[in-house]
Amino acid sequence: MRFTKMQGIGNDYLFINCFEEYVPDPSRLAVEMCREHVGVGADGIVLLEPGESSPFAMRIFNRDGSEAEMCGNAARCIGKFVYERGMTADTAFSLDTRSGIRALQLQVQDGRVESVTVDMGTPVLNPSEIPVDLPGQMVLRHRLQVLGQMWFITCVSMGNPHCVIFVRDPEVLDLNSIGPAFEHYFLFPRRTNVEFVRVISRDVLQMRVWERGTGETLACGTGACAALVAAVLCGHADRKVQMKLAGGNLMLNWNAEDNHVYQTGPAAFVFDGEWLG
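A quick note: this is a predicted structure, and the numbers were derived from the prediction, not measured.

Counting secondary structure elements, the protein contains four helices and 18 strands. Scaling as 2.2 N^0.38, a compact globule of 277 residues should have a C-alpha radius of gyration of about 19 Å, and the protein matches this with 18 Å. Considering only C-alpha atoms, the protein reaches an extent of 50 × 40 × 30 Å along its principal axes. Among the 277 residues that make up the protein, the fraction classed as buried is 57%. Restricting to contacts in the protein with at least 6 residues of sequence separation, those with at least 24 account for 61%. Each charge class in the protein can be summarised by its mean position, and for the 24 positive and 33 negative side chains these summaries are 5 Å apart.

Here it is, written out as C-alpha cells:
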C-alpha cells in the first residue's frame, strides 16, 4: 500500500489516497503505522476519499487508533496533495470532514502550493455541543482543580473539543503529566484537546498543545483556532493574530462578519513510501 508522509508546521500525518488504495481497518492501521521504530512514526493517518458533498473527503485517525473529527493542518496538506498530484486544477474547493464541509483556498506560485487558507467554520461555545459537562451557555475562565493545582479553562469546539488555558510560560509545563490529566478528566465525555497559551501581545500568541489520542504535537490547527476564540472572549487578543507553535506559525482570523475562523499556513511533502505490513 502506498502512502505519503506530509507535515503542516510539524504536525505530521501519513496520507493514503483511497481513490487508489483500500484500507479495511484504519484504526488498527493507524496504531501500526504511527509507531516509532517499528512503524513509520506520525501523529496519525489521513484517508483521502471521494466526498459526498465535495470533490474530496478526509478521515483522520489518531496515533491511538481513535478517529478525529477535524484537523486544520491535515486539511492544508490535503490541499497541497490533490493540487500538486494532479487530482484537481482548482485552487478553491470544498472538503468533506466529520465536522462538516470545509472550504480551502490555495495560494499557488509556479505550480506549487505555497500556503493554504482553510475556512474552519463557526466556533461552538455551548457546553453540551462541545461537549463538556458543565452548565450554562459558555465555559469561560471556569475554575478547575487538576493535579492539585487550580486552572482557569475556556472551552471551544472547532469540530472537535478543546480546553484552552492561559499561562505565563507554556514551555515550563510538564505536558506528559498535565496533558493526560485534562484529556481524560471526567467533565469531557469525548476527552479533549488541551491548549496552553501565552499572550505575547494582542496580535501574537504562543501555544503548546496536548492532542487527544496522540499526545503533545508540534502544532494543532483546530487548537490554534480554539485558542484564538478563547483569547478574544477573555479579552486577551484581537481577532487577527499570529499563532506561534513549536513547529511554526499560523495566521488566524476570527472574522466578525460571518463568525468563521480562517487559518492560513504552509504544508509540505516529507516522503512517499510503501507499507508492507
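By convention here, two paired aromatic rings are described through the distance between centres and the angle between planes. Scanning all chains against the criterion turns up nine aromatic pairs. Aromatic pair Phe 81 and Phe 269: ring centres 6.3 Å apart, planes at 50 degrees, arrangement tilted. Placement of the pair is Phe 81 in helix 2 (residues 72-84) and Phe 269 in strand 18 (residues 268-274), with a sequence separation of 188 residues. Judged by relative accessible area, which is 6%, Phe 81 ranks as buried. Given a relative accessible area of 27%, Phe 269 falls into the partly exposed group. Taken together through their ring pairs, the aromatic side chains of Phe 19, Phe 56 and Phe 93 make up a single cluster.

So, on to helix 4 (residues 221-233). The end-to-end C-alpha distance of helix 4, which contains 13 residues, comes to 19 Å, matching closely the 18 Å that a straight helix rising 1.5 Å per residue would cover. A large share of helix 4 lies buried, amounting to 12 of its 13 residues. Regarding helix 4, the residues found buried are Gly 221, Thr 222, Gly 223, Ala 224, Cys 225, Ala 226, Ala 227, Leu 228, Val 229, Ala 230, Ala 231 and Val 232. At the exit of helix 4 stands Gly 235, carrying a positive phi of roughly 80 degrees.

Let us look at the side chain of Thr 222. Summarising the element assignment, Thr 222 is placed in helix 4. Here the side chain of Thr 222 touches Asn 160 through a polar contact of 3.4 Å, side chain to side chain. Looking at Thr 222, its side chain comes within polar contact range of the side chain of His 162, at 3.1 Å.

Our next topic: the pairing of strand 13 (residues 204-211). A regular strand places its side chains so that they alternate between the two faces of the sheet. Strand 13 sits mainly inside the fold: eight of its eight residues count as buried. Here strand 13 shows two buried faces, one formed by Val 204, Gln 206, Arg 208 and Trp 210 and the other by Leu 205, Met 207, Val 209 and Glu 211. In textbook terms, the turn of a hairpin is the stretch between consecutive antiparallel strands, and for strand 12 (residues 193-201) and strand 13 this stretch comprises two residues. Here strand 13 pairs with strand 15 (residues 240-245) via three bridges, running parallel.

This brings us to the pairing of strand 12. Two elements, strand 11 (residues 161-166) and strand 12, share five bridges in a ladder whose sense is parallel. For His 162, the partnering residue across the bridge sits in strand 12 and is Asn 193. Taken together, strand 11, helix 3 (residues 175-183) and strand 12 constitute a β-α-β crossover, and its handedness is right-handed. Relative to strand 13, strand 12 is paired through seven bridges, and the arrangement is antiparallel. Following the sheet pairing, Ser 201 is matched in strand 13 by Val 204.

The rules behind the values
- Residues numbered from 1 in each chain as written.
- Predicted model: local features only at pLDDT ≥ 70, side-chain atom pairs only at ≥ 80, totals over all residues.
- Heavy atoms only, no water.
- Helix = DSSP H or I, 4+ residues; strand = E, 2+ residues; numbered from the N terminus.
- Rg over C-alpha atoms; globule rule 2.2 N^0.38 Å.
- Buried < 20%, exposed > 50% of the residue type's maximum accessible area, 1.4 Å probe, protein only.
- Contact = heavy atoms within 4.5 Å.
- Lys, Arg positive; Asp, Glu negative; His and termini not counted.
- Charge placed at Lys NZ, Arg CZ, Asp CG, Glu CD.
- Phe/Tyr/Trp six-rings, centres within 6.5 Å; stacked < 30°, edge-to-face > 60°.
- Expected span 1.5 Å × (residues − 1).
- Polar contact = N/O pair within 3.5 Å; in protein donor to acceptor, adjacent residues only side chain to side chain.
- Pairing = 2+ DSSP bridges.
- Right-handed = clockwise from strand over helix to strand, strands pointing away.

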